[in-house]
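Spelled out from the first residue to the last, the chains are:
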Amino acid sequence: IFDANFSPATQAKVVENAVTEGFDGYLFGPAAAQPGCGLWERLLKPTGKPVVSIDIAMCGDADYTPGLAATLTMQGPAHFDEFLDNAFASCEGECKVAAVGGFVGSDLFTYWEEAIDKAAEKYPNVTVVVDEPANFDPRIALKKIQDALLVHPDIDIIISSWDDMTRGVEQAVVSAGKVPGEDVKIFS
């Protein structure tokens, strides 16, 4: 396992190292779509080995880049749009929402933010009162949501772009003396 830690620059180095190792195939999770495409074209594709792309579509393709053995997209624009539409549609009357997402500047965070904007526009009864990055870290999500609930104790819904962060979200809700799912809906 070569971990780029969500850094395209680090990913370039680890892909070079992985290709040098000469594996029989590669699972490749681009840190960002455009640099990932370059790594696919320049380093991975020439190996002739099967490459499965995970998480982020690349090379300007919406879901599958030709030449890959397969693509597994767990999160992307369509996923986030549907997810947030469902969360915001659950509001009866006026609702206040807090959101925690991934790393600022990453493609996933951009998809997340764009989906929040679309859902907020579609559902004018919903107000996003807090929207913070939590870097896919449950400890950061805990702190961000604790702070959010202190400032806005009447938050109705909390949305999280990653299940692991949701552990911190739930802990913050419980710490605030609220019941998850009853006092505050949590969508992840």
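Residues numbered from 1 in each chain as written. Predicted model: local features only at pLDDT ≥ 70, side-chain atom pairs only at ≥ 80, totals over all residues. Heavy atoms only, no water.

S.K.: So what exactly am I meant to see when it comes to the packing of aromatic side chains here?
M.R.: The relation between two aromatic rings is expressed through the spacing of the ring centres and the mutual angle of the planes. Inspection of every chain in the model, using the stated rule, returns 6 aromatic pairs. Judged by centre distance (6.1 Å) and plane angle (75°), the rings of Phe 2 and Phe 23 are edge-to-face. With Phe 2 in the segment before α1 (8-21) and Phe 23 in the loop between α1 and β1 (26-28), this pair connects stretches of sequence that are 21 residues apart. On the basis of an interplanar angle of 70° and a centroid distance of 5.8 Å, the ring pair of Phe 136 and Trp 162 is categorised as edge-to-face. Here Phe 136, found in the loop between β5 (126-133) and α5 (138-151), pairs with Trp 162, found in the loop between β6 (157-160) and α6 (163-175); they are 26 residues apart in sequence, far enough to count as distant. Every member of this aromatic cluster is reached through a ring pair, and the members are Phe 2, Phe 23 and Tyr 26. (Phe/Tyr/Trp six-rings, centres within 6.5 Å; stacked < 30°, edge-to-face > 60°. Helix = DSSP H or I, 4+ residues; strand = E, 2+ residues; numbered from the N terminus.)

S.K.: Got a minute to help me understand the sheet that holds strand β2 (residues 51-54) in this structure?
M.R.: Strand pairing in a sheet relies on backbone hydrogen bonds. The paired strands run either parallel or antiparallel. The sheet built from 3 strands is open, its strands ordered β1-β2-β3 with parallel pairing. At either margin of the open sheet sits one strand with a lone partner, and together these are β1 and β3 (70-72). Within the sheet, the average angular offset between the axes of one strand and its neighbour, ignoring direction, is 20°. As judged from the 3 bridges shared by β1 and β2, these two strands associate in the parallel manner. (Pairing = 2+ DSSP bridges. Axes fitted to C-alpha atoms, helices over the stretch in contact; angles between N-to-C directions.)

S.K.: Even after reading the chapter, I still don't get the side chain of Ser 160, so can you show me in this structure?
M.R.: With respect to the helices and strands, Ser 160 occurs in strand β6. Judged by relative accessible area, Ser 160 falls into the buried class, the value being 1%. A polar contact is formed between the side chain of Ser 160 and the backbone oxygen of Trp 162, at a distance of 2.9 Å. In this structure, Ser 160 is in contact with Phe 83, Val 100, Trp 112, Met 165, Thr 166, Val 169, Phe 187 and Ser 188, ignoring residues within four places of it in sequence. (Buried < 20%, exposed > 50% of the residue type's maximum accessible area, 1.4 Å probe, protein only. Polar contact = N/O pair within 3.5 Å; in protein donor to acceptor, adjacent residues only side chain to side chain. Contact = heavy atoms within 4.5 Å.)

S.K.: Is there a simple way to explain the nonpolar core in this structure?
M.R.: In summary, soluble globular proteins display a tendency toward joint burial of nonpolar side chains. Counting residues in hydrophobic clusters, the biggest one holds 40 residues, and the most contacted among them are Leu 84, Phe 88, Trp 112, Ile 145, Ile 158 and Ile 159. The set of elements that each furnish at least two residues to this core consists of α3 (77-89), β4 (95-101), α4 (107-122), β5, α5, β6 and α6. By residue number, the principal contributor to this core is α4, which donates 7 residues. Dropping the residues within four chain positions of it, Ile 159 is found in contact with Leu 84, Ala 87, Phe 88, Val 97, Ala 98, Ala 99, Val 100, Trp 112, Ile 116 and Phe 187. (Core = buried A, V, L, I, M, F, W, Y, C linked by side-chain atoms within 4.5 Å.)

S.K.: Explain α1 to me, please; I cannot follow it from the model alone.
M.R.: Helical periodicity: at 3.6 residues per turn, an α-helix aligns residues three or four positions apart in one direction. Along its 14 residues, α1 runs 20 Å from first to last C-alpha, staying within 8% of the 20 Å computed at 1.5 Å per residue. All of the buried residues along α1 are Gln 11, Val 14, Val 15 and Ala 18. Looking down the long axis of α1, one finds its buried residues gathered within 105° of arc, a one-sided arrangement. Those residues of α1 that are exposed and angled more than 90 degrees off the buried face are Ala 9, Lys 13 and Thr 20. If you follow the buried residues of α1, they end up packed against β1 and α2 (33-44). (Expected span 1.5 Å × (residues − 1). Arc of directions from axis to C-beta.)

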